[in-house]
Amino acid sequence: MPSSHDWINKPLGVVEAMFAQSNSNPEWEAKVLEYFKGQLKEKESHSWVPSLNDVPLHYLKPNSLVKFRCLVQDMFDPEFYMGVYETVDPSTKANVLRCGKYKDVTECGVDLNSRNTVTAERQTFYCVPIPGESPWAKESYGCSSQARVVPSTSYVPSRQKRSYEEDDDMDTQPQKQREPHTEPHGNGDSKRQETEAPSSQTTAPSDCSSHLDLNFPLPGERGPACLVKVYEGLDSFKLNDTLEIYGILSVNPVLTVLGEEKDPSLLLLNPTESMETPEEQRAHDPPASLVPRLHMLYARPLQHNNPLLPSAPTEDQSAFVSSFLVEMASVRAELLAYLTHVLLGDGLAAEYLLLHLISNVYTRRDVLPLGKFTLNLSGCPLNSYTERLYQIVQQLVPCSYRLSMSLHTMNSMRLVPKKDYVANRLVSGALQLARNTSLFLDETQLEQGQLDSSGVRNITALGNLISWQKVDYDFSYHQMEFPCNINVLVTSEGRSLLPSDCQVPLQPQVTPPNMEEYLTTIHMAQFTSQINKFRVYLSLARTLDYSISDEVTKAVEDDFVDMRKDDPQSVTAEDLHRMLVVARLLSLSLGQTTLSRDGWMRAKHIDMLRRSRTEQQKSLNGNEP
Amino acid sequence: MRQPIGRSENWQCGVRTTTPSMPPLTSTGLEVDMSSPLMYGTPSSRVEGTPRSGVGGTPARQRPDLGSIRKAPQVDLHSEPPSADGAVASEQALGQKLVIWGTDVNVGTCKEKFQRFLQRFIDPASNEDENAGLDLNEPLYMQKLEEISVVGEPVLNVNCSHVQSFDADLYRQLISYPQEVIPTFDMAVNELFFERFPDSILEHQIQVRPYNALKTRNMRSLNPEDIDQMITISGMVIRTSQLIPEMQEAFFQCQVCAFFTRVEVDRGRIAEPAVCRNCNTIHSLALIHNRSAFSDKQMIKVQESPDDMPAGQTPHTTIVYAHNDLVDKVQPGDRINITGIYRAVPMRENPRQSNVKSVYKTHIDVIHFRKTDEKRLHGLDEDSDQKLFTEERVQILKELASKPDVYDRLSSALAPSIYEHEDIKKGILLQLFGGTRKDFSQTGRGNFRAEVNILLCGDPGTSKSQLLQYVFNLVPRGQYTSGKGSSAVGLTAYVMKDPETKQLVLQTGALVLSDNGICCIDEFDKMSDSTRSVLHEVMEQQTLSIAKAGIICQLNARTSVLAAANPVESQWNPKKTTIENIQLPHTLLSRFDLIFLMLDPQDEAYDRRLAHHLVALYYQSEEQIEEEFLDMAVLKDYIAYARTYINPRLNEEASQALIEAYVDMRKIGSGRGMVSAYPRQLESLIRLAEAHAKVRFSDKVETIDVEEAKRLHREALKQSATDPRTGFVDISILTTGMSATARKRKEEVARALKKMIQSKGKTPAMKYQQLFDDLRGQSEAAITKDMFEEALRALADEDYLTVTGKTVRLL
């Protein structure tokens with residue numbers, strides 16, 4: 001690739017050149033941002049930037065530009081740093097001004113008493129990879145990257161723990177990369193191997209992470225966590241935002257050394273240092289080799305993390321949408337057929353599952369979230385059916401997590417994030433999820449027994465999540481409410497103990513003798529291209545606008561009054577709430593952006609079918625409330 | 001460097017002409033006097049030979065909160081920063097023009113100004129609790145000085161807003177150069193004090209503690225420009241460290257000749273003297289710990305209070321150092337206002353390393369703490385967190401209040417997503433405003449409850465929880481609990497052993513936390529009896545008595561309770577009374593001012609409006625909604641303003657109207673032999689009327705307020721206290737748990753049973769089932785087993801019979 005890519009390899013050089021030109025005119029900061037933004041706007045240029053998500057840390061050059069797709073897990077206190085400092089040039093012995101922005105460490109001999117020192121403010125965010133990101137999304141992101149990764153020369157693969165073959169692999173891999181133009185970009189296979197490398201790499205440190213908790217929301221997550229230093233627009237970021245961050249990677253080992261060093265005699269005289277507990281130091285200054293620092297130059301909020309969709313809201317996106325809208329109805333039909341198979345031939349449940357998958361909290365009216373559609377699939381067959389079902393859902397959505405609601409997990413797992421005042425950080429919980437994550441609650445795993453107090457708290461938190469789409473983070477002296485937007489799917493045998501917007505009892509039409517095999521065959525029968533279409537469809541349908549005309553409003557009102565006339569007990573305000581959501585989702589699923597009379601009738605119809613089914617179930621079971 | 005304690009003239013102002021290279025000034029008196037601001041201060045404060053009780057006689061005390069004495073020479077305003085000797089020279093020449101280096105503070109003028117402020121400042125409109133008992137038309141701070149002379153606590157708290165209103169320039173200097181200005185203030189106040197009270201003896205010289213600097217109110221808005229300035233922020237204490245003894249002055253003694261010298265600790269470092277100045281031995285000086293001077297220091301972590309945080313971000317924390325007597329003044333969990341100096345310290349350089357982290361550590365050296373919630377445990381004054389309203393805001397609120405339909409406007413702005421239930425919303429609105437607090441403790445009746453309690457009961461799915469959630473989000477001190485998940489302990493308070501200090505600590509629960517707020521309790525019916533029983537005291541006496549683990553106390557819990565309950569049979573049974581439907585003890589029910597039923601009204605017009613409302617909810621854009629309704633923020637401010645500033649009182653007509661209303665209510669029942677109103681209902685009416693007057697921003701409760709209170713109360717009664725058998729409103733359903741007709745029937749059944757048994761003649765024992773069947777056969781009305789058992793119990797109470805197992809014996 002041409003050498004003009006200095007802005008990727010040596011971004012600090014660009015920054016410093018601009019600083020030198022500026023003559024301390026403060027406008028240079030804006031110019032730097034402008035420059036990088038401009039570079040990244042260029043076609044495809046952002047795909048040349050290596051991503052921390054795909055490339056293992058030791059392959060990345062320190063102080064180069066990297067990107068990171070992540071969730072803001074915690075926000076630390078703002079810190080003051082030397083924006084500009086004065087130092088003595090060792091060769092000329094003259095005082096020079098240096099820029100301290102986008103750096104962790106100053107060069108030697110800082111004159112602390114200089115009048116030219118400018119103190120500036122920045123904030124640190126603790127970022128983790130998007131929790132529950134599906135493997136296919138990760139892989140697809142990795143493949144689309146065209147970054148040329150040159151391993152740093154200092155990297156020596158550790159030989160002790162690896163078998164010979166693996167070693168070989170590790171050694172040849174970088175060499176392959178070093179050769180210019182081996183056409184590595186499109187080569188998915190070699191990429192795959194490489195993306196596997198980090199996983200084996202990161203498990204090693206995570207083994208010793210007992211003393212260093214990387215604080216991932218979900219158990220069993222991997223990948224780098226990152227301390228992102230944010231310089232501009234601090235107020236525009238919120239906790240749990242998903243971002244794609246472009247920034248300068250800093251892994252200076254000094255960062256670690258400073259943290260480790262402790263001289264008790266110094267502590268006595270300078271209590272400023274003793275203020276931080278060891279826990280706090282560990283949380284805020286972890287070794288840079290495990291948690292790299294990233295100095296943010298540019299951040300793009302991610303509306304979704306589906307790699308198959310154009311990510312930026314540009315012209316190509318609208319073109320993409322309009323071209324896909326034509327296909328919408330046919331893809332829907334195929335997807336419905338697929339889901340029907342998966343749900344053992346139950347078409348109605350498939351329809352509802354489809355609606356659930358495209359639901360989205362689109363707005364809030366005072367405390368009421370609108371658009372949420374929590375589905376309770378009751379009557380699920382036992383024995384690993386739900387597990388397979390989750391795997392299929394996982395294949396379709398970019399972000400998902402299956403919470404097996406066994407007594408043990410409910411009693412022991414931390415769902416709600418909690419502030420740890422000793423370490424001064426927010427300890428994550430499984431409900432700290434990115435927007436539009438599919439949360440799969442498997443209630444079939446629940447057995448009889450006693451919930452302890454943390455279990456009760458967890459169940460309450462799940463109930464709050466479903467009813468209000470919010471999670472009350474525990475700040476020990478008070479609770480703080482964080483709104484969220486999570487699609488919750490509950491699978492259960494009978495009616496779920498959690499509230500839900502809509503319950504569908506599953507009525508299997510087929511009873512395959514071997515469930516595993518049945519589901520695997522269905523899954524295998526789909527081509528990747530087909531599955532990809534489904535993925536695009538589900539992400540896209542969610543983003544469409546929607547409205548109701550006055551005329552249809554009137555019709556809906558009339559309808560409601562009529563229904564109530566016949567039997568006021570049967571239809572309540574809650575039912576109307578639900579039917580309005582169903583109608584909305586039904587229209588969107590067909591690519592229609594306004595509610596038509598037909599759409600309303602259809603919504604009414606399927607809701608009636610569903611209700612008659614639940615009634616049936618009730619009379620069957622008798623004692624169910 | 002430090003002078004030995006007691007040499008007052010040396011330390012007071014923190015201005016020094018010395019540079020680090022100069023030897024400590026221990027014996028050269030002339031130079032000291034040169035640098036002392038007293039040279040150009042008032043001549044009255046001459047030092048030599050004053051007795052113990054003068055300025056000179058009283059020991060000065062170090063102020064580590066202002067940092068170590070900085071190298072801050074005074075310089076001529078227009079000359080270059082000169083060397084130390086030059087400064088001395090120019091001082092003598094130019095007198096008044098001198099300022100402290102790096103600032104525009106002239107010590108003499110500053111002192112004069114402050115003394116003038118102390119002598120003249122009057123604030124007739126003051127309503128701060130600190131000033132209670134002072135004559136507001138006399139100079140405020142002179143009275144405080146008098147107080148100091150009596151009490152002997154040498155601390156003078158100064159409200160910065162007073163300084164600002166008196167002399168804006170002085171205020172600016174105070175904010176910008178606290179480190180220089182506060183010592184000057186100290187000096188000024190001591191001169192003034194000892195001039196006025198020459199005989200008083202204080203522990204140490206008076207220290208000025210400014211508070212309420214208006215510069216910054218929010219931790220989030222601190223930025224590099226605030227460094228070394230005086231700021232006030234609010235927050236909550238989350239952690240306090242143990243006491244740190246910090247060396248202020250090191251004491252060195254020569255091992256050879258026993259000559260000693262003192263070295264002041266400068267920014268955590270001691271410049272150890274290498275040579276003994278007496279005997280010139282090299283490296284002979286040793287640090288003597290127990291003769292060095294230490295000061296107390298404590299590290300406190302403060303977190304942003306949840307109220308002033310933008311949504312979706314985590315709270316910030318700041319480190320605060322407390323010194324000397326401010327140590328251990330606050331505990332974790334306290335909400336405080338801190339006034340202090342904001343500091344940024346570069347990360348210590350490490351000689352072994354060429355590169356350093358380019359980050360500063362920041363902290364606040366605290367000068368003054370003010371707890372914002374300290375009055376919760378004692379005192380009975382109004383809300384202490386004085387919410388500041390800007391002029392324009394107040395104007396907007398007043399404009400709104402002057403509209404004739406403000407009551408309806410506000411009630412419709414309440415939870416717009418919930419349809420209709422106008423009266424319930426109105427009730428909740430009045431609850432949000434609350435009545436006027438009355439204190440009759442002098443006459444022995446204690447406080448009267450001002451808070452309105454409301455119970456909502458009704459079918460599941462009638463958005464009761466949603467209403468509760470809304471209220472919880474609306475009020476600043478709201479708590480939301482569910483009856484299912486809370487225990488008595490969680491509601492009241494519990495005693496916990498602090499893991500660090502091993503002390504017993506009282507942790508407060510939801511009811512105490514929502515003091516002056518609203519406690520929303522969902523699923524009230526699911527609460528265990530023991531939990532519910534703690535509510536009895538809270539809901540009438542507004543206090544909470546605790547006696548556990550050696551802690552016996554009474555906490556204030558002036559909270560309004562908004563509860564929601566579901567009927568026992570999941571669906572409301574219109575044939576039953578409220579009590580029967582929700583199965584709550586009537587003792588508790590009678591403590592609710594208003595009990596509303598949230599039922600599905602079943603008529604077509606309502607359905608149509610409901611449908612319209614819901615559909616609109618789903619597709620109207622944000623802007624349209626905002627046009628239609630009042631902003632939630634305005635509503636919040638409106639309520640906060642009314643609660644703080646409006647205290648309506650009953651006028652003559654209104655009292656008459658209330659009396660009439662009460663008499664009327666009593667009359668309704670008396671005709672049928674029932675009591676339809678109790679004094680508690682009268683109190684409810686008064687509270688509601690007062691709340692309604694608050695809604696109008698009116699200082700008087702007038703007849704219209706009483707009318708509305710009556711109407712609302714009647715509506716609520718009509719809904720909840722109607723006897724389903726007769727259709728009459730019967731308050732005894734709520735007060736005794738049983739309607740009068742039901743009681744009458746019970747008596748009738750018992751009489752019939754007795755008669756039947758008597759008619760059977762002398763049979764000492766009877767079969768239970770047999771008797772039941774007989775009674776059923778005899779009576780025209782259907783008799784249920786419950787009724788039969790109740791009758792048996794009634795007869796047993798009369799000692800007429802006993803029931804043992806399946807047999808009934810006559811006595």
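What you are looking at is a predicted structure, and each value in this text was computed from that prediction instead of being measured. Here the residue index of a chain counts from 1 through its sequence in written order. As a convention, the first chain written is A and the first ligand written is 1, with the rest following in written order. Local features are withheld for residues below a pLDDT of 70 in this predicted model, meaning they are given only at 70 or higher, and side-chain atom pairs are given and counted only at 80 or more; totals for whole chains, interfaces and linings count all residues. Hydrogens are left out, water is left out, and the side-chain values use all remaining heavy atoms of the structure.

**Q** Would you mind going over the overall build of chain A in detail, with residue names and values included?
**A** The secondary structure listing takes helices from DSSP runs of H or I that are at least 4 residues long and strands from runs of E that are at least 2 residues long, numbered from the N terminus. Check the secondary structure of chain A and you find 20 helices and 18 strands. Burial classification: accessible surface area is computed with a 1.4 Å probe over protein chains only, and a residue below 20% of its type maximum counts as buried, one above 50% as exposed, and the rest as partly exposed. Looking at chain A residue by residue over its 625 residues, the buried ones come to 55%. For this analysis, residues touch if any pair of their heavy atoms sits within 4.5 Å. The long-range share in chain A, meaning contacts at least 24 apart out of those at least 6 apart in sequence, stands at 78%. Per element, the accessible surface of chain A, about 27,200 Å² overall, is 51% carbon and sulfur. Computed with a 1.4 Å probe, the accessible areas rest on the Shrake-Rupley method; for each residue, only the protein chains presented here act as cover.

**Q** Explain the overall build of chain B residue by residue, including any values.
**A** What chain B contains, in helices and strands, is 27 helices and 28 strands. Per-residue burial over chain B gives 51% buried out of 811 residues. In chain B, once contacts between residues fewer than 6 apart in sequence are set aside, the share between residues at least 24 apart is 68%.

**Q** Let's hear about helix H15 (residues 529-541) of chain B: which residues, and what values?
**A** Residues and elements named next belong to chain B. Under the 1.5 Å per step criterion, the end-to-end length of H15 is 19 Å for 13 residues, consistent within 8% with the ideal 18 Å. Taken together, the buried positions of H15 are Thr531, Arg532, Leu535, Val538, Met539 and Glu540. One or two steps after H15, the chain reaches Gln542, where phi turns positive at roughly 65 degrees. One less than the residue count of a helix, multiplied by 1.5 Å, gives the span that helix is expected to have.

**Q** Give a detailed account of the confidence of the model for chain A, specifying residues and quantitative values.
**A** All names here are of chain A. One confidence number per residue, pLDDT, is output by the predictor and ranges from 0 to 100. On average, residues of chain A score 77 in pLDDT, and 80% of them reach the 70 mark or higher. Considering only residues more than four positions removed or in separate chains, one finds that residues 151-211, a stretch of pLDDT under 50, has 46 contacts. Per-residue pLDDT stays below 50 along residues 257-273; that stretch engages in 19 contacts with residues further than four places along the chain or on separate chains.

**Q** Requested: an account of the pattern of salt bridges, with residues and values cited.
**A** Residues and elements named next belong to chain A. For this analysis, a salt bridge means a side-chain nitrogen from Lys or Arg found within 4 Å of a carboxyl oxygen belonging to Asp or Glu. Under the definition given, this model contains 33 salt bridges over all chains. Ionic pairing is found between Glu79 and Arg122, a salt bridge with its closest N-O pair at 2.8 Å. With Glu79 in strand E1 (residues 65-88) and Arg122 in strand E4 (residues 118-129), this pair connects stretches of sequence that are 43 residues apart. Using a relative accessible area of 0% as the deciding quantity, one classes Arg122 as buried.

**Q** Can you explain the environment of Trp48(A)? Please cite residues and give values.
**A** Residues and elements named next belong to chain A. Along the chain, the position of Trp48 falls in the loop between helix H3 (28-41) and E1. Residue Trp48 is classed as partly exposed on the basis of its relative accessible area of 22%. The sequence separation of Trp48 and Val552 amounts to 504 residues, and the corresponding C-alpha distance is 50 Å.

**Q** How would you summarise the pairing of strand E18 (residues 502-505) of chain A if you had to cite specific residues and measurements?
**A** All names here are of chain A. Across the two faces of E18 the burial is the same, with Cys502 and Val504 and Gln503 and Pro505 all buried. One requirement defines pairing of two strands: DSSP has to find at least two bridges between them. As paired elements, strand E10 (residues 375-378) and E18 share four bridges and run parallel to each other. If you follow Leu377 over to E18, its bridge partner there is Val504.

**Q** Explain the nonpolar core to me, using residue names and the numbers behind them.
**A** Only buried Ala, Val, Leu, Ile, Met, Phe, Trp, Tyr and Cys residues count toward a nonpolar core, and they belong to the same one when joined by side-chain atoms within 4.5 Å. One finds Leu335(A), Tyr338(A), Leu343(A), Tyr352(A), Leu377(A) and Tyr385(A) to be the most contacted residues of the largest nonpolar core, which totals 79 residues. With sequence-adjacent residues up to four places away left out, Tyr338(A) is seen in contact with Ile392(A), Leu396(A), Ile522(A), His523(A), Gln526(A), Ile531(A) and Phe534(A). By size, the runner-up hydrophobic cluster in this structure holds 57 residues, among which are Leu456(B), Leu467(B), Ile518(B) and Tyr638(B).

**Q** Please give an account of the packing of aromatic side chains that cites residues and values.
**A** We call Phe, Tyr and Trp rings a pair once their centres come within 6.5 Å, taking the six-membered ring for Trp, and we label the pair stacked below 30 degrees between planes, edge-to-face above 60, and tilted otherwise. For the structure shown, the criterion picks out 24 aromatic pairs over all chains. Between Tyr35(A) and Phe36(A), the ring centres sit 5.3 Å apart and the planes meet at 85 degrees, which makes this aromatic pair edge-to-face. Judged by centre distance (5.2 Å) and plane angle (45 degrees), the rings of Phe193(B) and Phe197(B) are tilted. Ring pairs connect the aromatic residues Phe114(B), Phe117(B), Phe121(B), Tyr141(B), Phe166(B) and Phe185(B), which therefore count as one cluster. A ring is scored as having a charge over it whenever the NZ atom of a lysine or the CZ atom of an arginine sits within 6 Å of its centre and within 35 degrees of its normal. Lying over the aromatic face of Tyr362(A), Arg584(A) brings its terminal NZ or CZ to 3.8 Å of the ring centre. Here the basic side chain of Lys297(B) rests over the ring of Tyr321(B), its NZ or CZ set 4.3 Å away from the ring centre.

**Q** Before we move on, can you summarise the sheet that holds E10(A) with the specific residues and values?
**A** Residues and elements named next belong to chain A. Read from one edge of the open sheet, five strands run E11-E14-E17-E10-E18, paired in parallel fashion. Strands at the two margins of the open sheet, each flanked by one partner only, are strand E11 (400-404) and E18. Taking the axes of each pair of neighbouring strands and ignoring which way they run, one obtains an average angle of 20 degrees across the sheet. Relative to strand E17 (residues 487-491), E10 runs parallel, the two being bridged by three bridges. Residue pairing across strands places Leu377 opposite Thr491, the latter belonging to E17. Angles run from 0 to 180 degrees between N-to-C directions of axes, and those axes are lines fitted to C-alpha atoms, restricted for helices to the stretch in contact. Contacting E11, strand E14 (438-442) and E17, helix H15 (residues 453-468) runs over the sheet at an angle of about 135 degrees to E14.

**Q** Go over the sheet that holds strand E19 (residues 518-522) of chain B with me, naming the residues and quoting the values.
**A** All names here are of chain B. In space, the five strands of this open sheet follow the order E16-E19-E22-E15-E23, with parallel pairing throughout. The open sheet has two edge strands, strand E16 (478-482) and strand E23 (594-598), and neither has a second partner. Sheet twist, expressed as the mean angle between neighbouring strand axes with direction ignored, is 15 degrees. Sheet analysis places strand E15 (residues 454-458) next to strand E22 (residues 560-565), joined by four bridges and oriented parallel. In the strand pairing of E22, Leu456 is matched with Ala564. Most of the contacts of helix H11 (residues 422-433) go to E23, to which it runs at about 145 degrees, and overall it touches E15, E19, E22 and E23.

**Q** Requested: an account of the state of the cysteines, with residues and values cited.
**A** All names here are of chain A. Cysteine sulfur atoms that pair up within 2.5 Å are treated as a disulfide. The tally for this structure, following the rule as stated, stands at zero disulfides over all chains. No disulfide involves Cys127; its nearest neighbouring cysteine sulfur is the one of Cys70, lying 3.9 Å away. A relative accessible area of 0% places Cys127 in the buried class. This cysteine, Cys380, is not joined by any disulfide, and Cys502 carries the nearest cysteine sulfur, 13 Å off.

**Q** Tell me about the confidence of the model for chain B, residues and numbers included.
**A** Residue and element names in this part refer to chain B. Averaged over chain B, the pLDDT score is 71; the fraction of residues at 70 or greater is 68%. For chain B, helix H1 (residues 8-11) is the element with the lowest average pLDDT, namely 36, and strand E9 (residues 317-323) is the one with the highest, namely 87. Counted against residues more than four places away or in other chains, residues 1-53, with its pLDDT under 50, gives 108 contacts. In this model, residues 374-387 is a region of pLDDT below 50 whose contacts with residues beyond four sequence positions or in other chains number 23 contacts. Across the assembled chains, the prediction reports ipTM 0.74 with pTM 0.72.

**Q** Describe the side chain of Thr340(A), with residues and values.
**A** Considering the arrangement of structural elements, one finds Thr340(A) in helix H11 (residues 315-342). Other than its neighbours up to four places away in sequence, Thr340(A) contacts Gly345(A), Asp346(A), Gly347(A) and Ala350(A).

**Q** Could you give me a rundown of the pairing of strand E15 (residues 470-474) of chain A, with the residues and numbers involved?
**A** Residues and elements named next belong to chain A. One ladder, built from five bridges, connects E15 with strand E16 (residues 479-483); its direction is antiparallel. Looking across to E16, one finds that Asp474 is bridged to Gln479. Joining the antiparallel neighbours E15 and E16 is a turn of four residues, in which Ser476 adopts a positive phi near 55 degrees.

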